[in-house]
Amino acid sequence: MLLEKLKYIFNKFNHQGTFDSYKELASGYINDTYLIETKKKPYFVLQRINHDVFKDVSGLIENKVNVSRHLQEKLANLSEEELKKRVLTFVETNKGEPYYKDNDGDYWNMMHYIHDSITYDMVTNKEVAYEGGKLFGEFLNLTSDFNPNNLTEIIPKFHDMSFRFSQFKAAMKVAPEKRLIQAKESIEFVENLKEEMHILQNLKDTGAIKLRVTHNDTKISNALFDLNNKGLCVIDTDTVMPGIIHYDFGDAIRTICNTASEDEKDLALVKFNIEYYEAYVKGFLERLGDSLTPIELEYLPLGAKSIIFIMGLRFLTDFLNGDTYYKIEYTDHNLDRAKNQFKLVESFSDKWDEIQEIMKKYQ
Ligand code: GN1
Ligand code: MG
């Protein structure tokens, strides 16, 4: 029984808490995440790491712990209480290990829950977009002196466009006829944008854009806000890796500026919200702008377009593969997600001139 299991695993970690109850935190597509409510605060977040996706669990946890440690050092002027709200605090097992492996071969890690915080799956207010920009900009700023070579590349080629295209091509070969027909328009969309979507990849591959420490999953639900909607803490550091800044800039935009949810089927509702874009850019550049090179700045908008596209491409590939990667709730879920992202790419492209103007305004 899950309750018994969670209680058992929870007690393998080194803490003072007494298990009371649990809630599933269901927003992720990969790991299983539970809020552990204790008799007395603090609560904890216990996470079963998807071992199929994250092959190197110890490398993953090491990355997360080291990034947290770096952030704690950078924010050492804050009180201990404040620091615990701003940076993830991981809990070791009773044996002093960073994760616990259970008898089923599953891996677990645990951190303190940050009380009095909110997350948003969708943004409905400009202030949150601005605060999100500041928060992710700050994260990148504070990690800018962390040597990216000291991080394990936890999912190799995670945001590599050529790699994602090759996975897509491979999926086309094995996809059942029915799915190929259903996905026809999306497949054409992907083919048509192929060249443009490789521009950033080439700049990365040639070293024209340098590698930094990046988060790689900066969707807005990975930002915690306090009860007054002020940005608090960046969470879900599973994919911190060497990368280019553009995809972190862009993944937040992908989720903040979509007027509908990521899997909304009614594509008429999916539009790019330029007002939230402006608010986000303002916050992001306020915190990070000075440390960006001209070439990094120039390609930020293309970064946003590329990451929206790449998410669509990955959802489409998973649909063609028969849904082996992302959790789905119904048969065509991945195709709906892909179509949604491609509609957002279109809406984004329609506003390209305005997008460029906004970028210039805040530089
Ligand atoms: C996955 O599991 P979650 O929700 O944190 C995925 C991200 C996607 C996201 C789409 C390791 O993240 O790349 O952007 O779904 N993470 C991995 O919502 O593939
Ligand atoms: Mg994630």
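Please read these numbers as outputs of a predicted model, since none were measured by experiment.

Draft legend 1. Layout of the site of ligand 1. Taken together, 16 residues form the shell around ligand 1, and within it Tyr 29, Asp 217, Lys 219, Arg 314 and Tyr 325 come nearest. Here Glu 262 contributes a side-chain N or O atom positioned 3.0 Å from an oxygen atom of ligand 1. One of the side-chain N or O atoms of Tyr 325 is found 2.5 Å from an oxygen atom in ligand 1. Most atoms of ligand 1, that is more than half of them, are within 2 Å of grid points of the largest pocket. Ranked by the residues each element gives to the shell around ligand 1, the list is headed by helix H12 (residues 300–320), at 3 residues. Broken down by class, the residue content of the shell around ligand 1 amounts to 9 nonpolar, 1 polar and 6 charged. Both domain 1 (2–115) and domain 2 (126–362) contribute no fewer than three residues apiece to the shell around ligand 1.

Draft legend 2. Structural view of the sheet that holds strand S10 (residues 231–234). Read across the open sheet, the 3 strands follow the order S7-S9-S10; overall the sheet is antiparallel. A strand with exactly one partner marks an edge of an open sheet, and here the two such strands are strand S7 (117–118) and S10. Across the face of the sheet, helix H4 (residues 126–142) comes into contact with strand S9 (223–226) and S10 while running at roughly 45° to S10.

Draft legend 3. Looking closely at the pairing of strand S1 (residues 19–25). Of the strand pairs in this sheet, S1 and strand S2 (residues 32–38) are connected by 6 bridges, and their pairing is antiparallel. Pairing of Tyr 22 across the sheet is with Ile 36, part of S2.

Draft legend 4. Quick look at the domain arrangement of the protein. One can read the domain layout of the protein as domain 1 (2–115) and domain 2 (126–362). On a C-alpha basis, the centroid separation for the pair domain 1 and domain 2 is 26 Å. Contact between domain 1 and domain 2 buries roughly 2,500 Å² in total, counting both sides, with carbon and sulfur atoms accounting for 61%. For the domain 1 face of the interface with domain 2, the top three residues by lost area are Tyr 29, Asn 63 and Val 67, together amounting to 29%. One salt bridge connects Asp 238 with Lys 64, and the closest N-O pair in it is separated by 2.7 Å. Broken down by secondary-structure element, the contributors of at least two residues to the side of domain 1 that touches domain 2 are helix H2 (57–74) and helix H3 (80–86). Per-element accounting of the side of domain 1 that touches domain 2 gives the leading share, 9 residues, to H2. The residue makeup of the side of domain 1 that touches domain 2, split by class, is 12 nonpolar, 8 polar and 6 charged.

Draft legend 5. Expanded view of unusual backbone geometry. Following Lys 41, the chain continues to Pro 42 via a peptide bond in cis, the omega torsion being 10°. As for its placement among the helices and strands, Pro 42 is situated in the loop between S2 and strand S3 (44–49). At Asp 116, a residue that is not glycine, the phi angle is positive and equals roughly 55°. Inspection of the secondary structure puts Asp 116 in the loop between strand S6 (107–112) and S7. For Asp 236, which is not a glycine, the phi torsion comes out positive at approximately 55°. Secondary-structure assignment places Asp 236 in the loop between S10 and strand S11 (241–243).

Draft legend 6. Inspection of the coordination of the magnesium ion (ligand 2) at higher detail. Coordination of the magnesium ion (ligand 2) by the protein involves Asp 217 (OD) and Asp 236 (OD), with metal-donor separations of 2.0 to 2.1 Å. With Asp 217 in the loop between strand S8 (212–214) and S9 and Asp 236 in the loop between S10 and S11, the pair connects residues that are 19 residues apart, well separated along the chain. A relative accessible area of 18% means that Asp 217 is categorised as buried. Asp 236 sits in the partly exposed class, given a relative accessible area of 23%.

Thresholds applied
- Residues numbered from 1 in each chain as written.
- Chains lettered and ligands numbered in written order.
- Predicted model: local features only at pLDDT ≥ 70, side-chain atom pairs only at ≥ 80, totals over all residues.
- Heavy atoms only, no water.
- Near = heavy atom within 4 Å.
- Polar contact = N/O pair within 3.5 Å; in protein donor to acceptor, adjacent residues only side chain to side chain.
- 1 Å grid on protein atoms, 1.4 Å probe; cavity = no way out; pocket = protein on both sides within 12 Å on 5 of 7 lines; lining within 4 Å.
- Sits in = over half its atoms within 2 Å of the grid points.
- Helix = DSSP H or I, 4+ residues; strand = E, 2+ residues; numbered from the N terminus.
- Nonpolar A, V, L, I, M, F, W, Y, C, P; charged D, E, K, R; others polar.
- Domains from an automatic or database assignment.
- Pairing = 2+ DSSP bridges.
- Contact = heavy atoms within 4.5 Å.
- Axes fitted to C-alpha atoms, helices over the stretch in contact; angles between N-to-C directions.
- Buried area = accessible area lost by both parts, 1.4 Å probe.
- Salt bridge = Lys/Arg side-chain N within 4 Å of Asp/Glu carboxyl O.
- Donors = N, O, S within 2.8 Å, 3.2 Å for Na, K, Ca; no water.
- Buried < 20%, exposed > 50% of the residue type's maximum accessible area, 1.4 Å probe, protein only.

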